[in-house]
Amino acid sequence: QVHLVESGGGEVQAGESLSLTCTASEHSISDWQLAWFRRAPGKEREFVATIYPWSERTYYADPVLGRFTISRDNAKNTAYLRMNNPQFEDTAVYYCATSGKITTRSPDSWPYWGQGTEVTVSS
């Protein structure tokens with residue numbers, strides 16, 4: 001089983017940048033598609049961003065486009081989500097997910113998940 005661990009969450013003021021980390025075990029992170037999802041209070045889990053294997057190609061959900069950046073550090077087998085100018089509505093538990101094949105943005109399509117890291121954005 002693939003193992004993912006998120007970290008880096010916490011409380012930030014609106015507008016302050018924050019970086020989340022996803023560290024993978026048992027597989028090479030560069031060979032798998034990886035995505036970030038989030039679950040805000042009272043809402044279902046939703047897609048945030050994804051990065052494709054063996055390339056730099058990325059895709060973002062409209063609410064975070066231009067503010068968040070997904071990236072990888074292959075040497076560290078780690079992925080990141082850089083949150084620039086976060087707002088209160090970005091408050092959520094953020095999850096890292098990965099798949100061994102090209103995968104849609106639907107949460108049900110992703111077989112492996114981390115435990116989540118909580119981000120609270122204060123005004």
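Bear in mind the structure is a predicted one, so any value in this text is a computation, not a measurement.

Definitions and limits used
- Residues numbered from 1 in each chain as written.
- Predicted model: local features only at pLDDT ≥ 70, side-chain atom pairs only at ≥ 80, totals over all residues.
- Heavy atoms only, no water.
- Pairing = 2+ DSSP bridges.
- Helix = DSSP H or I, 4+ residues; strand = E, 2+ residues; numbered from the N terminus.
- Axes fitted to C-alpha atoms, helices over the stretch in contact; angles between N-to-C directions.
- Core = buried A, V, L, I, M, F, W, Y, C linked by side-chain atoms within 4.5 Å.
- Buried < 20%, exposed > 50% of the residue type's maximum accessible area, 1.4 Å probe, protein only.
- Contact = heavy atoms within 4.5 Å.

Give a description of the sheet that holds strand β8 (residues 78-83) that names residues and reports values.
Reading across the sheet, the four strands line up as β1-β3-β8-β7 and stay open at both edges, with antiparallel pairing between neighbours. Two strands close off the open sheet at either side, each with one partner strand: β1 (3-7) and β7 (68-73). On average, each strand axis in the sheet is tilted by 20° relative to the strand beside it, whichever way the strands run. In this sheet, β8 lies alongside strand β3 (residues 18-25) in antiparallel orientation, the contact comprising six bridges.

Tell me about the nonpolar core, residues and numbers included.
In this structure, Leu34, Trp36, Leu81 and Tyr94 are the most contacted members of the largest nonpolar core, which totals 27 residues. Listing elements by their share of this core, those giving two or more residues are β3, β4 (33-39), β5 (46-51), β7, β8, β9 (92-99) and β11 (117-122). Considering every element that reaches this core, the biggest residue donor is β3, with four residues. Once residues lying within four places of it in the same chain are set aside, the contact partners of leucine 34 are Cys22, Ile29, Ala49, Thr50, Ile51, Ile70, Ala79, Cys96, Ala97, Thr98 and Trp110. In terms of nonpolar packing, the next biggest core, distinct from the first, is built from six residues, Ala35, Phe37, Phe47 and Ala97 among them.

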